[in-house]
Structure formats: structure tokens, C-alpha cells
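Overview (structure and organization)
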Amino acid sequence: MDLNAYERHLVGLLCWTCHAATGPCNARQRQCPRCRKKWSYDRRRTQWEILKAFCLNATAHHAARCARCDYRTAYRAYMHLRLTLGEMTAEEKRPLLGELELDESYFGGKRKGKRGRGAAGKVAVFGILERDGKVYTVAVPNCKKETLMARITAATVKGSVFYTDEFVSYNDLSRYGKHVPIDHRHEFADGEAHINGIEGFWSYAKRLHRLCHGVDRDNFPVYLAEYEFRYNHRDDHLLTILFDRLYRPLIEKGRLP
Ligand SMILES: [Zn+2]
């Protein structure tokens, strides 16, 4: 099915069960002439508009305006899409190996006051980027050596090459693989010895995060999994991925209203 056919199913011009062309039967509903099924045109259109807005990185407020629905409806749909991306992120997890870039960063919190390590009200995130591969992120309670080493041993293969900055928490890495610390004060990119890949992911994720105002601490991992999925699939068509995941099984079973 091409995207046009998706759209025509979603806005209700084609029947979800038998794919025949449909017609309006009253002001709010359409009906299939062949199998006599009815459904609400508005609800279908709302779902589709929200899905499109989400895939284009629009805010939930913008989605609500496009779909002409309540903000809370759009927000709830957005959270559902985020959880779906989180599920897919979890399904794709595999041990990382080869050349890995490791780094920590801080998200959210108040602008004022301390920045960087130990800043108040911010969530610490630890990230590992496999060069030419996937990124792995996890929100951590702190950046102590034990915390980070536990995440590293759980997510990577022993004997990999680890590029990090000179943060003391990485001092034990040489026991687990080849450790290449990079001193930012002297050189920035010395051949292969750099962590520009993971730095690129941080700026990508923070640009998305800036659009989501007032994310609370408990919901943060849901947003983080979304950024991770978007980054790992930045060359794929997100709309098709989400449509195939959420709606195609329902179409095939004929369960969509
Ligand atoms: Zn039908």
C-alpha cells in the first residue's frame, strides 16, 4: 500500500475491512456499500492529523490545532506514540561493540544557577554511541563510577574500544577494553580520538527536548526513548514505521472502528 492509500484509508475514503470506496451516510459517519460497516469520519481524521504532526516533530499544541481537537486529546495521543517508540527501542536493544563513544549530559531543569555536572533540577543521561551504528541512552541517578560502569558492562561487549572525555568515572575502563581518554583542553579531534558522534546526538536530542516544555522527572525516560529511536531511524520514514506498527494489524483484522 502506498502512502496515498494509507491516507485514503485513514480519512475513511476506503473501507478498512474490504477496501471498497465508501460514501457518507450521515453528517458524522461514512459507510461501506459492500460490507455495510460504519465509522466516524472525524475520529479517523483526528488520529491521522496527530500522527502526521508527531512525525514532523510538531508540538502537541500544534497537533491539536491541525486536528482541531482538544490539547489533552493530542497530548494523550502523543504519549501513546512515544510509548510505542519506547517499546520499539527496547525491542531493538543489542550489545554494542567495536568503536564506542561514551559521554554524559544533563537535560531539563531551570536555566539559572549551576550548569553541567551537578546542576540542580537536571536529569543526568548516560549515552553510548556505536560508530556507524546505533546510540544507546539511559537516565542515571548520578554519574559515579559504579553507576556508569554497571551501565557500560550491561550494554557493551568486553574488549571494545571506548572513547571518552577525561571524567574520573571512566578510569576503570581499561580493565574492560581499550580506553582512549580525550583531553578537551589540548586537542579536539585528533584523528579517530574524538567523541563528536555522541556530542552530535546530544545536540539533536536537546533540540527536540526544547520543544517539550515542562517534562517532569517521571516521564523523562519516555521522551528519552523517543529521541533515541528518532536518532537511530533518522534516515527511515517514521510515518510508515508507526503506521505499520499501530494501524496495519488493526486493518488486517478489520478491528478499526
Ligand atoms: Zn467494506
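Structure: above.
This section reports on the structure supplied with the text. Computed from a predicted model, the values in this text were never measured in an experiment.

About the cut-offs
Residues numbered from 1 in each chain as written. Predicted model: local features only at pLDDT ≥ 70, side-chain atom pairs only at ≥ 80, totals over all residues. Pairing = 2+ DSSP bridges. Helix = DSSP H or I, 4+ residues; strand = E, 2+ residues; numbered from the N terminus. Core = buried A, V, L, I, M, F, W, Y, C linked by C-beta atoms within 7 Å. Buried ≥ 20, exposed ≤ 12 C-beta atoms within 10 Å, placed from the backbone. Contact = placed C-beta atoms within 7 Å. Expected span 1.5 Å × (residues − 1). Arc of directions from axis to C-beta. Axes fitted to C-alpha atoms, helices over the stretch in contact; angles between N-to-C directions. Left-handed = near helix turned anticlockwise from the far one by under 90°.

1. Topic: the pairing of strand β4 (residues 99-107)
- Bridging between β4 and strand β7 (residues 161-165) involves 3 bridges; their strand directions are parallel. Bridging across to β7, Glu99 finds its partner in Val161.
- Here β4 runs beside strand β5 (residues 123-130); their pairing, made up of 8 bridges, is antiparallel. When the sheet's bridge partners are listed, Glu101 is paired in β5 with Leu129.

2. Comments concerning the nonpolar core
- Formed by 26 residues in total, the largest nonpolar core has its most connected members in Leu100, Leu102, Ile128, Leu129 and Phe201.
- Elements with a minimum of two residues in this core: β4, β5, β6 (135-140), α5 (145-155), β7, α6 (196-211) and α7 (220-232).
- Considering each element in turn, this core owes the most residues, 5 residues, to α7.
- Residues in contact with Leu102, not counting those within four places in the same chain, are Ile128, Phe162, Tyr163, Thr164 and Tyr170.

3. Focus: helix α2 (residues 41-55)
- With 15 residues, α2 extends 22 Å between its outermost C-alpha atoms, agreeing within 8% with the 21 Å of an ideal straight helix rising 1.5 Å per residue.
- Listed as buried for α2 are Thr46, Trp48, Glu49, Ile50, Leu51, Ala53 and Phe54.
- At the exit of α2 stands Asn57, carrying a positive phi of roughly 60°.

4. A look at α6
- Between its terminal C-alpha atoms α6 stretches 24 Å, which fits the 22 Å expected from 16 residues at 1.5 Å a residue.
- Looking at α6, one finds that the buried residues are Ile198, Phe201, Trp202 and Ala205. Projected down its long axis, α6 carries its buried residues within an arc of 100°, all on one side. Among the exposed residues of α6, those oriented more than 90 degrees off its buried face are Asn196, Ser203, Arg207, Arg210 and Leu211.
- Contacts from the buried residues of α6 go to β4, β5, β6 and α7.

5. Focus on the sheet that holds β6
- If you walk across this open sheet you meet the 5 strands as β6-β5-β4-β7-β8, and the pairing is mixed. This sheet does not close on itself; its edge strands, each paired only once, are β6 and β8 (178-182). The average undirected angle you get between the axes of adjacent strands in this sheet is 25°.
- Taken strand by strand, α6 contacts β4, β5 and β6, and its axis lies near 35° from that of β4.
- Against the sheet, α7 touches β4, β5 and β6, its axis set at about 170° to β6.

6. So, the packing of α2 against helix α3 (residues 60-67)
- Two numbers describe how α2 lies on α3: the axes approach to 9 Å, and their chain directions differ by 145°. Where α2 crosses over α3, the handedness of that crossing is right-handed. Judged by residue contacts, Thr46, Glu49, Ile50, Ala53 and Phe54 of α2 engage His62, Ala63, Cys66 and Ala67 from α3.

7. Thoughts on the sheet that holds strand β3 (residues 38-40)
- The 3 strands lie next to each other as β1-β2-β3, forming an open sheet whose pairing is antiparallel. The open sheet is flanked by β1 (23-24) and β3, the only strands paired with a single partner.
- As judged from the 2 bridges shared by β1 and strand β2 (residues 29-31), these two strands associate in the antiparallel manner. Looking at the pairing, Pro24 lines up with Arg30 of β2.
- Running at roughly 55° to β3, α2 makes contact with β2 and β3 of the sheet.

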